[in-house]
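Observations on the three-dimensional arrangement
As a plain string of letters, each chain reads:
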Amino acid sequence: MRSAVIVLICSGLALAEPPRYETRKDHDPDGTGKFYMGREIALVMGHEAAGWLERPEREKEENPRKLLKLLDIKPGQTVADVGAGSGYHAFRMASLVGDKGQVLAVDIQQEMLDLINAKAKKQSVSNIKTILGTEQDPKLPKAKVDLIILVDVYHEFSHPYEMTQQMMQSLKPGGRLVLVEFKADDVKVPIKPLHTMYEKQVVKEMEAFKELKHAKTIDTLPWQNVIIFEKRKP
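Residues numbered from 1 in each chain as written. Predicted model: local features only at pLDDT ≥ 70, side-chain atom pairs only at ≥ 80, totals over all residues. Heavy atoms only, no water.

**A closer look at the environment of Val 79**
Mapped onto the elements, Val 79 comes out in strand β4 (residues 78-82). Put simply, Val 79 and Leu 104 are 25 residues apart on the chain and 6.2 Å apart in space, counted from C-alpha to C-alpha. Filtering out sequence-adjacent residues up to four positions away, Val 79 remains in contact with Ile 73, Met 93, Val 97, Gln 102, Val 103, Leu 104, Val 145 and Leu 147. (Helix = DSSP H or I, 4+ residues; strand = E, 2+ residues; numbered from the N terminus. Contact = heavy atoms within 4.5 Å.)

Laid out in C-alpha cells, this is it:
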C-alpha cells in the first residue's frame, strides 16, 4: 500500500512563534508585570539611590574585594561593567586593567554616567569610558571585550534576551559573561525577592544562547552568587 502524504498549506502565512515575554495584570509591586521564562522583571533602581551603591557597609556585606579576585582580571584587558551605576566596580577594575586596558562603564541613565565622569575627572582616571546604552543594546564594540560583568542588574533588564544577545556578540571567543546576583535561596540576604535570583534560573535563561557555556558558579560571597559563562571558541 502506498503511504499517504498530507501537505498542510497555510495560505502563505508562517506559523507565529510564541511571544518571548508575557505581561500580567496581577504582579509583585516591586516588579514591572513583565515576565521572562516564568520570572518577573524587577523595577530599575533609579539614579536617586546612587548613594546606596557607595555605602561604606558594602565591603562587609558583599565583599567586593573578594569578587575582584575571583574575576582574575589581567592588565591590558577590556572589561565592561554593564549597569555600572555610580561606577563602584568600574573604578576598582580600572586599576586592575592598567593604562593599557580599558573599562567600559555602561548604563541607561545618563545621570549615573555623569557621576562616573565627574569622579574620573576628580581622581584623574583616564581608562574608564562611559557608554549610554539602551534597554535592548549596551552599545559595546563587537568581539572586543574580554569580560562583561553584571552586578545585581540582570534581573532588572526589561529585555534580557536582546541584551544578552548583544553582549554575547561583544565578547571575544573565550570571553566571559559574569552575572553577580543576590542569592534567592538565602533567607539571610536582606534584599527584596524580585531583586534576587536563583542560580538555576540564571542558567536556564542563558541556555537560549548556544554560544555560551556555563563555566562555574561561585557561592562564597556573603550575599551573592557569581555565575560565570564563557563564549565558546570556534
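From this point, the discussion proceeds with the structure in view.
**Considering the layout of surface pockets**
Roughly 740 Å³ of internal volume is contained in the largest pocket. Surrounding the largest pocket, 36 residues form its lining, Val 44, Met 45, Asp 152, Val 153 and Glu 156 being those nearest its centre. The set of elements that each furnish at least two residues to the lining of the largest pocket consists of α1 (50-53), β4, α4 (88-97) and β5 (102-107). The residue inventory of the lining of the largest pocket, partitioned by class, reads 19 nonpolar, nine polar and eight charged. (1 Å grid on protein atoms, 1.4 Å probe; cavity = no way out; pocket = protein on both sides within 12 Å on 5 of 7 lines; lining within 4 Å. Points joined across faces, edges and corners; volume = space filled by probe spheres on them. Nonpolar A, V, L, I, M, F, W, Y, C, P; charged D, E, K, R; others polar.)

**Quick look at the side chain of His 195**
Here His 195 lies in the loop between β8 (171-182) and α7 (199-206). For His 195, a relative accessible area of 16% gives the class buried. Engagement of the side chain of His 195 in a polar contact is seen with the side chain of Glu 156, the distance being 3.4 Å. Contact partners of His 195, with chain neighbours within four places excluded, come to Asp 30, Ala 42, Leu 43, His 155, Glu 156, Glu 181 and Phe 182. (Buried < 20%, exposed > 50% of the residue type's maximum accessible area, 1.4 Å probe, protein only. Polar contact = N/O pair within 3.5 Å; in protein donor to acceptor, adjacent residues only side chain to side chain.)

**A look at α7**
Those residues of α7 not exposed but buried are Gln 201, Val 202, Val 203, Glu 205 and Met 206. Against β2 (31-36), β3 (39-42), α6 (160-170), β8, β9 (212-218) and β10 (224-231) lie the buried residues of α7.

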